[in-house]
Amino acid sequence: MLERIHLEILTAIKEYGTLTKAADSLHLSQSALSHSIKKLEGQIATPIWEKDGRNLRLTAAGERIQTLANRVLPQFSHTELLLSQIAKGEAGALRIGMECHPCYQWLLRVIQPYLERWSNIDMDVKQEFQFGALGALLSYEIDVLITPDPLFKPSIDYIPVFDYEHRLVVAESHQLATQDFVLPEQLSEEVLFSYPVEPMRLDIFSQFLNPAKCSVKQHKNIETTEIMLQMVAAGRGVCALPGWLVDEYSKSIPIKSIRFGEQGISKQIFVGIRKHEQHIDYLNDFIAQAKKTK
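Presented here is an overview of the structure given in this document.

1. Examining the pairing of strand S9 (residues 218-221)
Right, so step 1: As judged from the four bridges shared by strand S8 (residues 191-194) and S9, these two strands associate in the parallel manner. Pairing of Ser194 across the sheet is with Asn221, part of S9.
Right, so step 2: With respect to chirality, the unit in which S8 leads through helix H7 (residues 203-209) into the neighbouring parallel S9 is right-handed.

2. Focus on unusual backbone geometry
Right, so step 1: One non-glycine residue with positive phi stands out, namely His27, at about 60 degrees.
Right, so step 2: Tracing the chain through its elements places His27 in the loop between helix H2 (19-26) and helix H3 (30-44).

3. Considerations on the state of the cysteines
Right, so step 1: Counted under the stated rule, the structure contains one disulfide.
Right, so step 2: A disulfide bridge connects Cys100 with Cys103, and the sulfur atoms are separated by 1.9 Å. Every disulfide takes its handedness from the sign of the S-S torsion; for Cys100 and Cys103 that torsion is 65 degrees, giving right-handed.
Right, so step 3: Free cysteine: Cys214, not disulfide-bonded; nearest cysteine sulfur from Cys239 at 19 Å.

4. Overview of the packing of aromatic side chains
Right, so step 1: Counted by the stated rule, this structure contains eight aromatic pairs.
Right, so step 2: Aromatic pair Phe162 and Tyr164: ring centres 6.3 Å apart, planes at 45 degrees, arrangement tilted. The same class applies to Phe162 as to Tyr164, namely buried.

5. Details of the pairing of strand S12 (residues 265-274)
Right, so step 1: Counting buried positions along S12 gives eight out of 10 residues, so the element sits mostly inside the fold.
Right, so step 2: Strand direction decides the pairing type here: strand S5 (residues 144-147) and S12, joined by three bridges, are antiparallel. Its bridge partner lying in S12, Ile146 is registered against Val271.
Right, so step 3: Bridge count for strand S6 (residues 156-171) against S12 is 10 bridges, and the pairing is antiparallel.

6. Here's the deal with helix H1 (residues 4-16)
Right, so step 1: For H1, with 13 residues, the first-to-last C-alpha span of 18 Å sits near the 18 Å given by 1.5 Å per residue.
Right, so step 2: Among the residues of H1, His6, Leu7, Ile9, Leu10, Ala12 and Ile13 are the ones counted as buried.
Right, so step 3: Among the residues trailing H1, Gly17 stands out with phi positive, at a value near 85 degrees.

7. Quick look at the environment of Pro184
Right, so step 1: You can see Pro184 is positioned in the loop between strand S7 (181-182) and S8.
Right, so step 2: For the pair Pro184 and Phe205, spaced 21 residues apart in the sequence, the C-alpha separation amounts to 9.7 Å.
Right, so step 3: Those residues in contact with Pro184, other than ones at most four positions away along the chain, are Phe208, Leu209, Ala212 and Cys214.

8. Here's the deal with the pattern of salt bridges
Right, so step 1: Scanning the entire structure with this criterion turns up 14 salt bridges.
Right, so step 2: Put simply, Asp143 and Arg274 hold a salt bridge, and the shortest N to O gap is 3.2 Å. Linking Asp143 in the loop between helix H6 (133-138) and S5 with Arg274 in strand S12, this pair joins segments that are 131 residues apart in sequence.
Right, so step 3: Of the residues examined, Asp143 reaches a relative accessible area of 9% and is grouped as buried.
Right, so step 4: Among the ionic pairs, Lys267 bridges to Asp203, the shortest N-O distance being 3.2 Å. Note that Lys267 is positioned in strand S12 and Asp203 in helix H7, a separation of 64 residues in sequence.
Right, so step 5: Judged by relative accessible area, which is 8%, Lys267 ranks as buried.
Right, so step 6: Classification of Asp203 as buried rests on a relative accessible area of 9%.
Right, so step 7: Bridged by salt links that share partners, the residues Arg95, Asp143, Arg274 and Glu277 form one connected network.

Rules used in this analysis
- Residues numbered from 1 in each chain as written.
- Predicted model: local features only at pLDDT ≥ 70, side-chain atom pairs only at ≥ 80, totals over all residues.
- Heavy atoms only, no water.
- Pairing = 2+ DSSP bridges.
- Helix = DSSP H or I, 4+ residues; strand = E, 2+ residues; numbered from the N terminus.
- Right-handed = clockwise from strand over helix to strand, strands pointing away.
- Disulfide = S-S within 2.5 Å.
- Phe/Tyr/Trp six-rings, centres within 6.5 Å; stacked < 30°, edge-to-face > 60°.
- Buried < 20%, exposed > 50% of the residue type's maximum accessible area, 1.4 Å probe, protein only.
- Expected span 1.5 Å × (residues − 1).
- Contact = heavy atoms within 4.5 Å.
- Salt bridge = Lys/Arg side-chain N within 4 Å of Asp/Glu carboxyl O.

Right, here's the structure in full:
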């Protein structure tokens, strides 16, 4: 029932007092302005203004609508300004969804130089979308998706930004630590630690154990990378992580990474964005920074 033009008309009437001046300020004809309000009065079955000599005075209903206008119209103007700036690549918000538990450390290295260049961009990282963020990207809850396992859709572009090898992680004292690579059957008596993700989404199962019809002795979930690696270092079990991440932690934790089979498991980190937003400068610069960060 209420439209933005009604709010603008009543604000102009409140400011200028006459139909003529209000119409001029809005670049409308007096008849168009009057017709719009008469139609609204018919819908709500009460007058919005009344004559007060040569001027117009808002009724109680008109005052209530104008109070709403005071709150809403500035928000319209502010949002339109932001949208204009976003269209020019000058400002906006970057909401990042993570489908990669261990990628957070890598993302931090991307974010720091990016924020230095884009001081007018707000940023938020949402990890509650783990292994389900594509729907959030399609529904505009996030603007960027970080994932090693893209689900390709016609409306989404996935750009590979980082190559890495997925590796088995064992304690330095583990019997497998001296091997160049591990075979599936060698894990049959091992306890496997992983993030709380469905086994079918874990590469160690889908690309290594399941094809060989092998499994592990026990599979346990641990949410944090640091605790998982401390458990591995203590000889409680093994895990599978990106090689670059293990290299970082091995400087302070007695662990070692081993290739999965002779060929290994090669992976990529992808940045997913909506196709129609490819032209936005600050999104393109985020992707460029991601490609440079190893």
